[in-house]
Amino acid sequence: MDYLNINKNAWNKRTKVHINSKFYDVKSFKNGESSLNNIELEQVGNVAGKKLLHLQCHFGQDTLSWARQGAKVTGVDLSTEAIEQANSLKLSLGLDADFIANDIYEFGNENVEKFDIVFTSYGVLCWLPDLSHWARIIANSLAIDGEFHLVEFHTFNDLLSGYSYFTQSEPDVEDEGTYTENCDGTKSKVVTWAHSLSEVINALIKAGLSIEHFNEYPYSPYNCFEGLEYVSKKGYQMLHKGQNVPLLYSIKARKIA
Ligand SMILES: C[S@@+](CC[C@H](N)C(=O)[O-])C[C@H]1O[C@@H](n2cnc3c(N)ncnc32)[C@H](O)[C@@H]1O
């Protein structure tokens, strides 16, 4: 199964919808608002003058938000449509960024540049079949003392939605619409993989990275799952039998040698 082409087609289709969605609010972004959330802003800290690689950057709003904070950014994404939109945003805003349309594995196998920060966030790991290879790409892309930052949707919520928590030998193949409010007509085939928390953490450790922080959060900044409710000043939460479901987790790791 050509999972890369299947997912690329789906993300090309989704991007055309996302760019006009309230969810991504490109108008506010163009007017100067950052698309980054407090979790990653606090975790990553000051990026001024640093070389930052953004894996699975979608159409580049987060990448360009880091550029606005002074980082020298490179964004990589499989979707040619997303990279086209990212380049067009970059040009319209007069920002500096390198956007590369590629599979992260292929990019990683060829890349020789070293970065101070590798960043990736919100809905990225389920598209990747092999987390050991993913973690090696991160380690190889980092300069010594460089930092890796991940903010990801918590897999516990996938379990409650009827998906496997643990990795399975075969991926899930489904017809799925996208998560923005204007999602009509976006159904397309997607291929995804479950990755448990231990799989993510062990992949990073085995790639030689030193984990400095692991956090779980009961709130998400994004209204992109069924059953979420908004709590003022906190974000979206999900209750299961009256208790908070963990919706996000974050990891900071360092390349020490
Ligand atoms: C949910 S989005 C990332 C969300 C991002 N934080 C945002 O909202 O701007 C997932 C992205 O992963 C990209 N992607 C999926 N598989 C990939 C792969 N193998 N290599 C590179 N990018 C990939 C998709 O094209 C999509 O843009």
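What comes next is a walk through the structure. (Residues numbered from 1 in each chain as written. Predicted model: local features only at pLDDT ≥ 70, side-chain atom pairs only at ≥ 80, totals over all residues. Heavy atoms only, no water.)

Glancing now at the overall build of the chain. Looking only at helices and strands, the chain features nine helices and 13 strands. Over its C-alpha trace the chain gives a radius of gyration of 17 Å, about what one expects of a compact globule, namely 18 Å for 257 residues. Its C-alpha atoms put the chain at 45 × 45 × 40 Å along the principal axes. Split into buried and exposed, the 257 residues of the chain put 51% on the buried side. (Helix = DSSP H or I, 4+ residues; strand = E, 2+ residues; numbered from the N terminus. Rg over C-alpha atoms; globule rule 2.2 N^0.38 Å. Buried < 20%, exposed > 50% of the residue type's maximum accessible area, 1.4 Å probe, protein only.)

A word on the site of the ligand. Not every one of the 18 residues close to the ligand is listed here, only the nearest: Tyr 24, His 58, Asp 77, Asp 103 and Ile 104. For the ligand, an oxygen atom lies 2.9 Å from a polar atom in the side chain of His 58. Contacts to the ligand include Asp 103, whose side-chain N or O atom sits 2.9 Å from a nitrogen atom. Residues belonging to the shell around the ligand are distributed by class as follows: nine nonpolar, six polar and three charged. (Near = heavy atom within 4 Å. Polar contact = N/O pair within 3.5 Å; in protein donor to acceptor, adjacent residues only side chain to side chain. Nonpolar A, V, L, I, M, F, W, Y, C, P; charged D, E, K, R; others polar.)

Moving on, we get to the nonpolar core. Residues Leu 125, Trp 134, Ile 138, Phe 148, Leu 150, Val 200 and Leu 204 are the most contacted members of the largest nonpolar core, which totals 32 residues. Looking at this core, the elements that each hand over two or more residues are α1 (3-18), β1 (51-55), α6 (104-110), β4 (115-121), α7 (131-141), β5 (142-153), α9 (197-206) and β13 (248-255). With six residues, α7 is the largest single contributor of residues to this core. Non-local contacts of Leu 204, meaning those with residues more than four positions away in its chain, are made with Trp 134, Ala 135, Ile 138, Phe 148, Leu 209, Ile 211 and Ile 251. Residues Cys 57, Phe 59, Ala 71 and Ala 86 belong to the second largest nonpolar core, which totals 23 residues. (Core = buried A, V, L, I, M, F, W, Y, C linked by side-chain atoms within 4.5 Å. Contact = heavy atoms within 4.5 Å.)

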